[in-house]
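Analysis of the macromolecular model
Each chain, written out:
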Amino acid sequence: MRPRPEAPVPGGAADRVRETLAAALADVPAACRLVACSGGLDSMTLLASLVRLHRSRGLPPPRALHVHHGLQREADAWAAFVAEACARWDVPLRSERVRVTATGGGPEADARAARHRCFEAVLGPGEHLLCAHHRDDQVETVLLRLLRGAGPAGLAGMAPRRRLGAGWLTRPLLELDRAQLAAAAEELGLAWIDDPTNADAGFDRNHLRHRVLPALAERWPGYRETVARAARNCADQERLLGASVPAGPLPVAALLGDPAAARTRLRRWLVDAGLAVPSRRRLDELLRQARARPDAMPAVAVGACEVRRFADALHLVPARRPAPPAEPRAVPGPGLLTLPHGTLRVTETRGAGVAPACGPLELRFRSAVGGALRARPLGRGGSAPLKRLLQEARIPPWERDRLPLLFAGDALAAVPGLWVCEGFAASADAPGWTLHWAPADGAPEAPSSDAGRVRIERMQGRC
């Protein structure tokens, strides 16, 4: 590895890569750029070219992320290679070890899943993870998906940019071929790692790359551009379809009528939520469940989420979520109270909220309280079962046991974000506490009953 990327011939392949990066990342602040670097030709060329771009503009160097899968004996040497290159280029490096769990989908898919879990955990709000996927990768992806029977969403290939965790996954080199990156690497005098598994034709992608595409190129030498153009056309179609699919809960009414249109809307809704496109069989099962009788409560697993039905709409709910505490939690006063599944913020007010003079206050949860709780929201005029009140507030059944309940002694004083009960509200000009509940999945806070209802419904669309 040479200490710095060499100065290439002006107007050559290296300059083309740098110009492509500058255009693709024009709206991404330099501090938000994190390069996924395996040490292979593609990622080393991306990192070196971005270092050149930043230096030419007087910007601090980009950061890099290396994922150590531990699947091959050379993995430690690869991590050391990337670390040495980053040190010589003054690039801050974060190296993460991951555990690859066998799921039956094959080693490639399992390693990719482990990488993406790591990416999601590492990315901060607004950060962009830059991957070195290029046009050849795009063509291989589209053809593999075609052979697996994908529809327009799958045939759109890899998106130039998509949400990933708290940030974004960005592919700034999709318009360039592998040969152009190789030429740039040679111009820059780069060294890189050759992963021996890339030559193993036992893997689907390698079989396509080494056996099928060379024969395709003999007959249709321009296949890369035409397949990539077809992917862009499919992506345009998907964007148009996406405009007719609402964000958040998906109304069941949108899935009635023509089955093909219903499958398209359902597929688009799942893709917009960041989930992988499910099989045709799984889509049909989702549609069957969605069209079940109105009082049915189906739950169908899709990736890391479950699709559930409530109030004539489908909701996405994370399959694994932290449970509420079993024991009561005291509310000592204004400030933050952090629980395993969310945060309660207590703010001092006057003439609004709960009267702190009601006595010691504590949070409890329905799963621990038990019994048929009743409540009398302020201004309602009478008490009613808590279950009915939560139904009227359109709180989905799977959320009701997770809502914090504020008790004064043995009496229910308030449900944070929804209402305060009669007899426990702060009187005019008297001190009061307003209660803001924010679930751990990062949904917005809600100080009022209407906002609380909107918050909880929107939360279902996140995963």
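Conventions used here
- Residues numbered from 1 in each chain as written.
- Predicted model: local features only at pLDDT ≥ 70, side-chain atom pairs only at ≥ 80, totals over all residues.
- Heavy atoms only, no water.
- Helix = DSSP H or I, 4+ residues; strand = E, 2+ residues; numbered from the N terminus.
- Buried < 20%, exposed > 50% of the residue type's maximum accessible area, 1.4 Å probe, protein only.
- Axes fitted to C-alpha atoms, helices over the stretch in contact; angles between N-to-C directions.
- Parallel < 35°, antiparallel > 145°, perpendicular 65-115°, else oblique.
- Contact = heavy atoms within 4.5 Å.
- Nonpolar A, V, L, I, M, F, W, Y, C, P; charged D, E, K, R; others polar.
- Pairing = 2+ DSSP bridges.
- Polar contact = N/O pair within 3.5 Å; in protein donor to acceptor, adjacent residues only side chain to side chain.

Once that is clear, we can look at the environment of Ala-14. Position of Ala-14 among the secondary structure elements: in helix 1 (residues 13–24). Given the relative accessible area of 0%, Ala-14 is considered buried. Sequence spacing of Ala-14 and Gln-180 is 166 residues, and the spatial spacing of their C-alpha atoms is 8.3 Å.

Turning our eyes to something else, we now look at unusual backbone geometry. Most peptide bonds are trans, and most residues other than glycine sit at a negative phi. Even without glycine at this site, Ala-311 takes up a positive phi of about 50°. For Ala-311, the location among the structural elements is in the loop between strand 9 (305–310) and strand 10 (313–318). Positioned with a positive phi, Arg-394 is a non-glycine residue whose angle comes to about 60°. Mapped onto the fold, Arg-394 is located in the loop between helix 13 (386–392) and helix 14 (397–400).

Helix-helix packing is described using two parameters, namely the angle between the two axes and the distance between the axes. Interhelical geometry of helix 1 versus helix 2 (residues 41–56) gives an angle of 75° and a closest axis separation of 9 Å. Between helix 1 and helix 2, the crossing angle belongs to the class labelled roughly perpendicular. Of helix 2, the residues touching helix 1 (which contributes Ala-14, Asp-15, Val-17, Arg-18, Leu-21 and Ala-22) are Leu-46, Ser-49, Leu-50, Arg-52, Leu-53 and Ser-56. In the contact of helix 1 with helix 2, the residues fall into seven nonpolar, two polar and three charged.

Looking now at the sheet that holds strand 10. On the basis of which strands lie adjacent, the open sheet formed by four strands has the order 7-10-9-8 and antiparallel pairing. Edge positions in the sheet fall to strand 7 (250–251) and strand 8 (299–302), since each has one partner strand and no second. Pairing of strand 8 with strand 9, which is carried by four bridges, proceeds in the antiparallel orientation. Note that in strand 9 the partner of Val-300 across the bridge is Val-307. Taken strand by strand, helix 10 (residues 259–272) contacts strand 7, strand 8, strand 9 and strand 10, and its axis lies near 30° from that of strand 10. Running over the sheet, helix 11 (residues 280–290) touches strand 8, strand 9 and strand 10 and is turned about 155° from strand 8.

It is worth spelling out the sheet that holds strand 4 (residues 128–130) at this point. With mixed pairing, the six strands of this open sheet are ordered in space as 3-2-1-4-6-5. The sheet terminates laterally at strand 3 (93–97) and strand 5 (161–164), the two strands that pair on one side only. Neighbour-to-neighbour, the strand axes of the sheet open up by a mean angle of 30°, direction not taken into account. In this structure, strand 2 (residues 63–68) lies alongside strand 3, joined through five bridges in parallel fashion. Residue pairing for strand 3: His-66 is matched across the bridge by Ser-95. In the packing of helix 4 (residues 107–122) onto the sheet, contacts are made with strand 1 (33–36), strand 2, strand 3, strand 4, strand 5 and strand 6 (167–170), and the angle to strand 2 comes to roughly 145°.

Looking at chain direction, strand 12 (residues 335–339) and strand 13 (residues 342–350) are connected through five bridges and run antiparallel. Bridge assignment links Thr-338 to a residue of strand 13, and that residue is Thr-343. In textbook terms, the turn of a hairpin is the stretch between consecutive antiparallel strands, and for strand 12 and strand 13 this stretch comprises two residues.

Mapped onto the elements of the fold, Glu-306 is located in strand 9. Considering only alpha carbons, one finds Glu-306 and Leu-316, ten residues apart in sequence, at a separation of 5.8 Å. Beyond its immediate sequence surroundings of up to four residues, Glu-306 is in contact with Ala-299, Val-300, Ala-301, His-315, Leu-316, Val-317 and Ala-319. A polar atom in the side chain of Glu-306 sits 2.8 Å from the side chain of Arg-308.

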